[in-house]
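Okay, here's what each chain looks like letter by letter:
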Amino acid sequence: MDVLSLTAELVAIDSSNPGVGEQEVVTRLEQLCTELGLPHQRIEPVQGRPNLIVTVDKGPGPHLALSGHVDTKPVGDALKLWETDPFTLTTVGDDAFGLGSSDMKGAVAAMLLAIRRFADAPGSGTVSAVLTADEEQGSAAGAQALTQQKLLPDIDAMVICEPSGIERPWEALHLASRGICCFELDIWTNQGHSGLSPVLGRNATLVAADLLKAFESFHPSVTHPGHVPCPVTVNPGMIIEGGVAFGTWPGHCRVGVEIRLAPGMDEHVVKNEVRQLVNSVTDGQAQVDINYRPGSLGWMDGIELDPAHAVAQACQSAAKTVLGHHLEPSGYPGGTDASYFMREAGIPTVTSLGPGWLSVAHGPNERVGVAQLYQSVDLYEAVAAAYMTGQT
Ligand SMILES: [Zn+2]
């Protein structure tokens, strides 16, 4: 079985989320594992949303897991912009185009073939592929259920095989996952007759505009910066609602702000800074309530893996052998299942090491480099070998 043809088979199955295609992908992967002689187990915490764990146990030694998701984002409104059929992997020059080629059916194909090679190689230890459902819609039926319901085997370290490229292939070794902090600002001013606006003070919508502008250049503190460079991104204006009608000077406006958190940011410090900024901008012109979203959207810490950890070192060693260069440790711009595996299950996890580019995911004409697919089989095989022998 060839990594390009297996990727093509997986791309041909529509597993866009929401949807029911994850079952068909997992059924095909089960057949493949049977053909390849790889022991596997379907785990379905939510009916119809299967996860698959493939494990090769060669006796004493550590347990490394490679992980990828089997769902994709939908084609959506981008269909008219696709130049090829999204469900037919089409090679043009050095690239293969298809939905999920980068994110991340190519990586899923590569990791299974690498595990087959691990099974045939001398030495001991265990390698699993943890193939999850539902990553593209919050992981409730996938990584979240697997970790919260303790459905995973004992795993010592994990590598998420999401695309490493942002602009360039194999651009970095992503070791940090950003957290998030989302809140709404409810701005209250005097509502009244718009003919009298000069005496009513600035309206809530205008104060909201001042606040959005101020948040655009807000730099919250990173109290304890980590080992891995990881930017903070502040996104004001994620939602906006307000106003009543022409003739009425608005007395209320609500705007949403999202902060993508770097590891090492302190909730108390950042929320204080938000309050101070709001107070300094409004300067008595409005009353502003800051409403943090409930649960993990209101605050979820960023996390990082120490670049000196054995699994990160194994990735670097494999990169040097297979790709011929060191990978710069970096923070990952997007969310991945690493958040659950690392935070909930406490598994040291590399956030991303995989073929393709994050910048082509979720849009039209998604593609993966054909050479990258073949490299990734070699790379995952080398990561497993390096991790098992503790070679760095
Ligand atoms: Zn992905």
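Quick notes on the rules
Residues numbered from 1 in each chain as written. Predicted model: local features only at pLDDT ≥ 70, side-chain atom pairs only at ≥ 80, totals over all residues. Helix = DSSP H or I, 4+ residues; strand = E, 2+ residues; numbered from the N terminus. Rg over C-alpha atoms; globule rule 2.2 N^0.38 Å. Buried ≥ 20, exposed ≤ 12 C-beta atoms within 10 Å, placed from the backbone. Core = buried A, V, L, I, M, F, W, Y, C linked by C-beta atoms within 7 Å. Domains from an automatic or database assignment. Contact = placed C-beta atoms within 7 Å. Pairing = 2+ DSSP bridges. Axes fitted to C-alpha atoms, helices over the stretch in contact; angles between N-to-C directions. Parallel < 35°, antiparallel > 145°, perpendicular 65-115°, else oblique. Left-handed = near helix turned anticlockwise from the far one by under 90°. Nonpolar A, V, L, I, M, F, W, Y, C, P; charged D, E, K, R; others polar.

## Focus: the overall build of the protein
Counting its regular elements, the protein contains 10 helices and 18 strands. Computed over the C-alpha atoms, the radius of gyration of the protein is 24 Å, within 12% of the 21 Å expected from 2.2 N^0.38 for a compact globule of 392 residues. Overall size of the protein, expressed as C-alpha extent along the three principal axes, is 80 × 45 × 40 Å. Across the 392 residues that make up the protein, the buried fraction comes to 47%.

## Here's the deal with the nonpolar core
With 109 residues, the main nonpolar core has Ala110, Met111, Val159, Cys315, Val350, Val383 and Ala384 as its most contacted residues. Top element by residues in this core is helix 10 (residues 370-389). It accounts for 12 residues. Of the domains in this structure, domain 1 (3-177 + 302-389) and domain 2 (179-297) are the two that each give at least three residues to this core. Residue contacts for Ala110: discarding those within four places in its chain leaves Val3, Pro355, Leu373, Ser376, Val377 and Tyr380.

## Re unusual backbone geometry
Cis geometry marks the peptide bond from Asn17 to Pro18, where omega comes out at 10°. Looking at the element boundaries, Pro18 is found in the loop between helix 1 (3-12) and helix 2 (22-36). Cis rather than trans, the peptide bond between Asp103 and Met104 has omega equal to -5°. The residue Met104 is located in helix 3 (residues 101-120) in this model. The backbone of Ser139 shows a phi angle near 70°, a positive value even though the residue is not glycine. Looking at where Ser139 falls in the secondary structure, it is placed in the loop between strand 6 (126-132) and helix 4 (143-148). With phi around 55°, Asn365 is a residue other than glycine that occupies positive phi space.

## Examining the environment of Asn235
Residue position: Asn235 is located in strand 11 (residues 233-242). The residues contacting Asn235, other than those within four sequence positions of it, are Val257 and Glu258.

## Regarding the sheet that holds strand 15 (residues 303-304)
The strand order across the open sheet formed by 3 strands is 15-8-16, and the pairing between neighbours is mixed. Bordering the open sheet on either side are strand 15 and strand 16 (328-332), each of which pairs with just one other strand.

## Concerning the pairing of strand 2 (residues 51-57)
Buried residues dominate strand 2, accounting for 5 of its 7 residues. Pairing of strand 2 with strand 6 involves 6 bridges; the strand directions are antiparallel. Of the residues in strand 6, the one forming a bridge with Thr55 is Ser128.

## Structural notes on the environment of Trp357
Along the chain, the position of Trp357 falls in the loop between strand 17 (349-350) and strand 18 (367-369). Expressed as a C-alpha distance, the spacing of Trp357 and Gly195, which sit 162 residues apart in the sequence, is 54 Å. Apart from the residues lying within four places of it in its own chain, the contact partners of Trp357 are Ser102, Pro163, Gly165, Ile166 and Pro169.

## Overview of the pairing of strand 7 (residues 157-160)
Burial of strand 7 is two-sided: the residues Ala157 and Val159 facing one way and the residues Met158 and Ile160 facing the other way are all buried. With 4 bridges connecting them, strand 3 (residues 63-69) and strand 7 associate as parallel partners. Among the inter-strand pairings, Ala65 is bridged to a residue of strand 7, identified as Met158.

## Brief notes about the packing of helix 8 (residues 310-322) against helix 10
One can describe the packing of helix 8 onto helix 10 by two numbers: an axis separation of 8 Å at closest approach and a directional angle of 135°. Between helix 8 and helix 10, the crossing angle belongs to the class labelled oblique. In this structure, helix 8 meets helix 10 at a crossing whose hand is right-handed. Side by side, helix 8 and helix 10 meet where Ala310, Val311, Ala314, Cys315, Ser317, Ala318, Ala319, Thr321 and Val322 of the first sit next to Gln375, Asp378, Leu379, Ala382, Val383, Ala386 and Tyr387 of the second. Of the residues belonging to the contact of helix 8 with helix 10, the class tally is 12 nonpolar, 3 polar and 1 charged.

## Observations concerning the environment of Val46
Position of Val46 among the secondary structure elements: in the loop between strand 1 (40-43) and strand 2. With 99 residues separating them along the chain, Val46 and Ala145 place their C-alpha atoms 8.3 Å apart. Once you skip the residues sitting within four places of it in the chain, Val46 turns out to touch Ala141 and Ala145.

## Notes on the packing of helix 6 (residues 204-216) against helix 7 (residues 267-282)
Any two packed helices are characterised by how steeply their axes cross, that is the angle between the axes, and by the distance between the axes. Interhelical geometry of helix 6 versus helix 7 gives an angle of 130° and a closest axis separation of 10 Å. Relative to helix 7, the element helix 6 lies oblique. The hand of the helix 6/helix 7 crossing is right-handed. Along its contact with helix 6, which presents Val207, Asp210, Leu211 and Ala214, the element helix 7 presents Leu277, Val278, Val281 and Thr282. Grouping the amino acids of the contact of helix 6 with helix 7 by side-chain chemistry returns 6 nonpolar, 1 polar and 1 charged.

## A word on the domain arrangement of the protein
How large an interface is tends to be reported as the accessible area lost when its parts come together. Here the protein is described as being made up of domain 1 (3-177 + 302-389) and domain 2 (179-297). Each of domain 1 and domain 2 was reduced to a C-alpha centroid, and the two centroids are 37 Å apart. With 10 residues of domain 1 at the contact, the number on the domain 2 side is 11 residues. Contributions of two or more residues to the side of domain 1 that touches domain 2 are made by strand 8 (172-177), strand 15 and strand 16. Looking at which element gives the most residues to the side of domain 1 that touches domain 2, the answer is strand 16, with 3 residues. A breakdown of the residues in the side of domain 1 that touches domain 2 according to their chemical character gives 5 nonpolar, 3 polar and 2 charged.

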